[in-house]
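# A look at the structure
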Amino acid sequence: MSGHSKWATTKHKKAVIDAKRGKMFAKLIKNIEVAARTGGGDPAGNPTLYDAVQKAKKSSVPNDNIDRAVKRGSGAEAGGAEYATIMYEGYGPNGVAVLIECLTDNRNRAAAEVRTALTRNGGTLADPGSVSYLFTRKGVVLVPKGELTEDDVLIAVLDAGAEEVNDLGEEFEVLSEAGDFVAVRTALQEAGIDYDSAEAQFVPSTQVPLDEDGARKIFRLIEAGQVGAGPDRAARTGGTRVRVLGVDPGLTRCGLGAVQGGRGRRVELVEVGVVRTPAGADLPERLLGIAAAVEDWLDRLEPDVLAVERVFSQHNVRTVMGTAQAAGVAVLAAARRGVPVALHTPSEVKAAVTGSGRAGKDQVATMVTRILQLPERPRPADAADALALAICHLWRDGTVAGTLTSGGATAAQRAWVEAAARARRAGREVAAERAVRGASGRRPRGGAR
């Protein structure tokens, strides 16, 4: 039970899995379109298309989607996009050289997303030629082990141009020249040996040993490069949808809530939860637990902005220090990943969600439930506050104006606009009154202070 209900948690986890699966399907369909455009729509005469179709089928892509992709790519059906292949070079964590091959219909967007993926995961973009000399294009065929031995595979592919067979643990890797992998694949089929994939890849000439932490960072970078540039991410960064992760900082309970929305769109819940740390634990241990949770949410949900409650002064110094420390951990995690950070005061958040800067926690939770159309209130209150922070930033980031002009503003949005206008008018009146008072009470020069 994290958040407001077990079903809601299961539903949101399923939504994340479905989103990743959709991105994978889109990538496979894109490969089919490009293969059909460059080599024709007949898989029998186009080995690249044949391999792309087989890979899509093994990943359970529907046959209708595959057929339409082939038709779009070959020109038999309208709607195909013009994709281009672009190579980027860079360095990942621990100085690991990376070569990134992009298939995109928008060069500017691809460059921005590659740079963002590298920056958020401890890498940097390098100049052309910096690392490409460390890679050689080879034909790579992966064969599941099963009951096969290395000799069985080697005998089947030796005369087809295979250079070496490597044991990778659960599968065999067959390397050949880039132009020979089709012959190697055919030789395996004739020998009755099934294979998982067959394609031309860039193989590094040297490898760098990594410890567990370094390997985890590299895997995170690879996952960001493969999934982060999907169509859903492109749509969000294209201005139609923004995802915000709200953090209600605290040592005992740190609320986390993510929402997404945009101009003319209803605000949607992405995920909500609370990080708890034992009060009797040491401070470093508690902050480490909060940091690990925030980093996990940032890596899984890939928000466009992190919204954190601005720490305010109060009489309980110990409480405000713990809140500030938890907020600092969250801000640091976002900064390391290149995620922009926004700070909002409690009254600012309350005014955005309820229309009143003096609203209580019950009112905030009630309005969050209505705005997101949740079956019940998010519990505990820290979870609702985190969602309120995310909603506040989403509306203050310019989406309210766009919604109002389209006539689709909610009551809370209209109340927020009116409250903001009243606050601006009140601020101007106070400033004018202070200016008049200062002018009338000015002491003459040289007088006593």
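Residues numbered from 1 in each chain as written. Predicted model: local features only at pLDDT ≥ 70, side-chain atom pairs only at ≥ 80, totals over all residues. Heavy atoms only, no water.

Before going further, it helps to spend a moment on helix α6 (residues 181-190). Where α6 is concerned, the buried positions are F181, V184, R185, A187 and L188. All buried residues of α6 fall inside an arc of 160 degrees around its axis, so they share one side. Those residues of α6 that are buried are in contact with α2 (47-58), β4 (135-144), α5 (150-157), β5 (162-167), β6 (171-177) and β7 (197-204). Two residues or fewer after α6 comes G192, characterised by a positive phi angle close to 75 degrees. (Buried < 20%, exposed > 50% of the residue type's maximum accessible area, 1.4 Å probe, protein only. Helix = DSSP H or I, 4+ residues; strand = E, 2+ residues; numbered from the N terminus. Arc of directions from axis to C-beta. Contact = heavy atoms within 4.5 Å.)

Overall, antiparallel pairing links the three strands, which are arranged β2-β1-β3 in an open sheet. Either end of the sheet is taken by a strand with one partner, and the two such strands are β2 (97-104) and β3 (124-126). If you compare each strand with its neighbour and ignore which way they point, the axes differ by 45 degrees on average. Both strand β1 (residues 84-91) and β2 contribute to a ladder of eight bridges, which runs antiparallel. From the neighbouring strand, A84 faces β2, where its bridge partner is T104. (Pairing = 2+ DSSP bridges. Axes fitted to C-alpha atoms, helices over the stretch in contact; angles between N-to-C directions.)

What follows covers the packing of aromatic side chains. Considering all chains together, one arrives at zero aromatic pairs under this definition. When the ring centre of W297 is taken as reference, the NZ or CZ atom of R300 above it lies at 5.7 Å. (Phe/Tyr/Trp six-rings, centres within 6.5 Å; stacked < 30°, edge-to-face > 60°. Lys NZ or Arg CZ within 6 Å of the ring centre and 35° of its normal.)

This part covers the sheet that holds β6. Strands sit in the order β5-β6-β4-β7 across an open sheet of four strands; the sheet is antiparallel. Strand pairing shows two members of the sheet lacking a second neighbour, β5 and β7, which therefore form its edges. When strand polarity is set aside, the average angle formed by the axes of neighbouring strands in this sheet is 35 degrees. One ladder, built from five bridges, connects β5 with β6; its direction is antiparallel. Across the sheet, residue N166 finds its bridge partner in β6, namely E173.

With respect to the helices and strands, G41 occurs in the loop between α1 (6-39) and α2. Note on G41: relative accessible area 34%, which makes it partly exposed. C-alpha separation for the pair G41 and A69, spaced 28 residues apart in sequence, amounts to 9.6 Å. In contact with G41, not counting residues within four places along its chain, are A36, L49, V70 and S74.

Any link to function would need more than the numbers given here.
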